[in-house]
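Take a look at the letters that make up each chain.
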Amino acid sequence: MLKRLLTYTIMPTLALIASIAQAQPMLEKSFSAGPADQFVVPQLAKRQLRLADIQGLLDSLATSKWVKRQVIGQSFEGLPVYRLSVGSGDTVVLMWSQMHGDESTATAALFDLLLRVEQDDAWRSAWIDQLTVHIIPMVNPDGAERAQRENAQGIDVNRDAQALQSPEARLLRQQAELLKPDFAFNLHDQNDYYAVGRSAYPATISVLAPAFDVTKSVNASRQRAMQVIAQLMTIMDTYLPEHTGRYNDSYEWRAFGDLFSAFGISTILLESGAYFNDPERQVARALNRALLGQALLDLASRAYENADVERYWQIPLNRNNGFHDLLVDGVTVSDNSQSYQLDIAIRRSKDRHRGMIESVGDQSTVNAFQRFNAAGFDYRMGRAYAIPATGLSLQHADYQQLLQQGYSHFIGAAEQLQINTSWPVVINPKYPPGARPQADQNASFLLAKGSAITHAVLQGQLFTLTEASR
Ligand SMILES: [Zn+2]
């Protein structure tokens with residue numbers, strides 16, 4: 001562990017996490033994924049990208065010396081779907097991102113890659129004569145616009161590879177049949193809560209060489225995909241070891257990865273995931289640009305042919321629900337004459353505006369991005385503060401005082417409450433926490449030491465009430 005800390009100072013141990021438990025999230029600016037990090041499109045450093053975010057970049061690529069830009073079709077609502085092509089080699093590579101509209105991380109990395117095509121002569125000339133690379137950066141612009149997984153018809157494009165009822169799925173399938181790629185990179189985001197096996201690390205990248213039949217056979221093209229992934233593990237081992245998970249390969253015949261595998265295309269699924277204090281997923285983005293940049297070199301040089309496929313099988317399986325956003329460990333709950341200790345596991349919504357209690361009881365086998373050691377603290381169900389009919393202008397200092405007095409939420413006419421604090425304010429909660437905290441209650445409650453209320457959990461975020469006002 002010490003060596004890891006020395007080599008990767010950004011890698012928090014659980015002890016470190018505990019010590020920074022009350023810190024606000026910050027971006028891991030110190031993270032680097034090597035030479036690829038010299039080529040970053042700054043305006044894409046955010047979690048959700050829409051067509052408008054990439055349109056200017058697409059327009060500038062129209063006159064590129066290296067990149068050929070084409071509109072290959074329209075989404076259900078008529079937005080253009082673009083393809084960007086580089087190189088003239090015999091080996092054909094197809095990469096696509098954001099077939100799920102709310103999965104943007106690799107989209108940003110693809111534009112980083114295209115920037116590198118423009119600017120990094122040595123890297124580009126190492127593969128451009130061997131490969132023809134086609135990139136579809138946003139398969140589902142309607143879903144991207146809505147920040148939702150499905151397209152505008154509500155169809156999951158990645159379950160439409162056979163039925164082909166969405167124009168986006170038809171487009172992707174047409175492109176595969178037209179271009180006949182040797183290799184495909186199917187780029188997605190997974191939720192925050194995957195752990196690498198039984199470890200205490202989130203799966204920041206997950207991989208899969210998808211199966212093409214129910215018996216999960218391995219033929220030459222699938223074996224090749226596994227070898228490409230095995231070779232790419234040198235990148236993960238260099239920049240973020242122990243943060244790669246492998247998806248289980250149960251066959252999903254409606255999905256594109258599985259279908260393209262069946263076509264004999266060596267298909268590589270890369271899923272971007274969470275990292276500590278990285279809500280915008282810029283660590284996963286950096287890894288994506290490093291992985292994709294290296295993949296092109298490996299495909300051109302055929303370095304993957306020497307990779308040991310065992311390295312692929314050694315990648316630990318992903319464990320879903322291996323992480324929570326916040327764990328309040330060992331808080332004491334008193335219910336009339338009985339008292340007991342609980343861990344409270346909390347999950348926040350993707351926009352971080354809501355938090356719910358996920359489960360209570362012994363949570364010693366799960367990890368959290370933030371933990372608070374509540375030994376010696378008492379759980380307090382907050383009381384409701386009635387919004388006065390004359391209205392209330394809620395200043396931050398007053399809010400802190402109300403919390404310290406035992407109020408955790410407001411009831412009444414929400415429009416009468418003027419909010420002047422950056423902390424979440426809970427109004428008319430549908431599932432307020434009870435005297436006994438438990439799953440599916442709003443994660444808004446108080447913690448006390450002796451008679452003093454010292455902390456508030458508001459919509460799943462932990463605040464210290466003794467902090468200076470802000
Ligand atoms: Zn996806």
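What you are looking at is a predicted structure, and each value in this text was computed from that prediction instead of being measured.

## Some thoughts on the pairing of strand E13 (residues 355–361)
In this structure, strand E12 (residues 338–348) lies alongside E13, joined through six bridges in antiparallel fashion. Counted as the bridge partner of Asp343 is Gly361 from E13. The turn linking E12 back onto E13 is made up of six residues, and Arg352 within it adopts a positive phi angle of 70 degrees.

## What about unusual backbone geometry?
For Lys216, which is not glycine, the phi torsion reads 60 degrees and is therefore positive. Within the secondary structure, Lys216 is located in the loop between strand E7 (205–208) and helix H8 (220–239). Residue Lys216 is classed as partly exposed on the basis of its 13 C-beta neighbours within 10 Å.

## Considerations on the nonpolar core
Of all hydrophobic cores here, the largest spans 117 residues; its most connected members are Met95, Ile229, Ile268, Leu270 and Leu287. Counting residues per element, this core draws most heavily on helix H10 (residues 282–301), at 10 residues. Looking at which domains feed residues into this core, each of domain 1 (16–319) and domain 2 (324–464) gives three or more. In this structure Met95 touches Leu110, Val133, Ile135, Phe185 and Leu187, once residues within four positions along its chain are discounted.

## Some points on the environment of Gly391
Relative to the assigned elements, Gly391 resides in the loop between strand E16 (383–386) and strand E17 (392–395). What makes Gly391 exposed here is the crowd of 11 C-beta atoms within 10 Å. Those residues in contact with Gly391 that sit more than four places away from it in its chain are Gln416 and Gln418.

## Topic: the packing of H8 against H10
Interhelical geometry of H8 versus H10 gives an angle of 135 degrees and a closest axis separation of 10 Å. Judged by the inter-axis angle, H8 sits oblique to H10. The crossing of H8 and H10 is right-handed. Between H8 and H10, the contacting residues are Val228, Gln231, Leu232, Ile235 and Tyr239 on the first element and Leu287, Ala290, Leu291, Gln294, Ala295 and Asp298 on the second. Of the residues in the contact of H8 with H10, the class split is eight nonpolar, two polar and one charged.

## Some words on the sheet that holds strand E9 (residues 266–272)
The strand order E1-E2-E4-E3-E5-E9-E7-E8 describes an open sheet built from eight strands, whose pairing is mixed. The open sheet has two edge strands with one neighbour each: strand E1 (67–74) and strand E8 (244–246). Sheet twist, expressed as the average angle between the axes of neighbouring strands with direction ignored, equals 20 degrees. Across the sheet, helix H4 (residues 105–119) touches E1, strand E2 (80–86), strand E3 (91–97), strand E4 (131–136), strand E5 (183–189) and E9, and the angle it forms with E3 is around 135 degrees.

Reading the values: rules and limits
Residues numbered from 1 in each chain as written. Predicted model: local features only at pLDDT ≥ 70, side-chain atom pairs only at ≥ 80, totals over all residues. Pairing = 2+ DSSP bridges. Helix = DSSP H or I, 4+ residues; strand = E, 2+ residues; numbered from the N terminus. Buried ≥ 20, exposed ≤ 12 C-beta atoms within 10 Å, placed from the backbone. Core = buried A, V, L, I, M, F, W, Y, C linked by C-beta atoms within 7 Å. Domains from an automatic or database assignment. Contact = placed C-beta atoms within 7 Å. Axes fitted to C-alpha atoms, helices over the stretch in contact; angles between N-to-C directions. Parallel < 35°, antiparallel > 145°, perpendicular 65-115°, else oblique. Left-handed = near helix turned anticlockwise from the far one by under 90°. Nonpolar A, V, L, I, M, F, W, Y, C, P; charged D, E, K, R; others polar.

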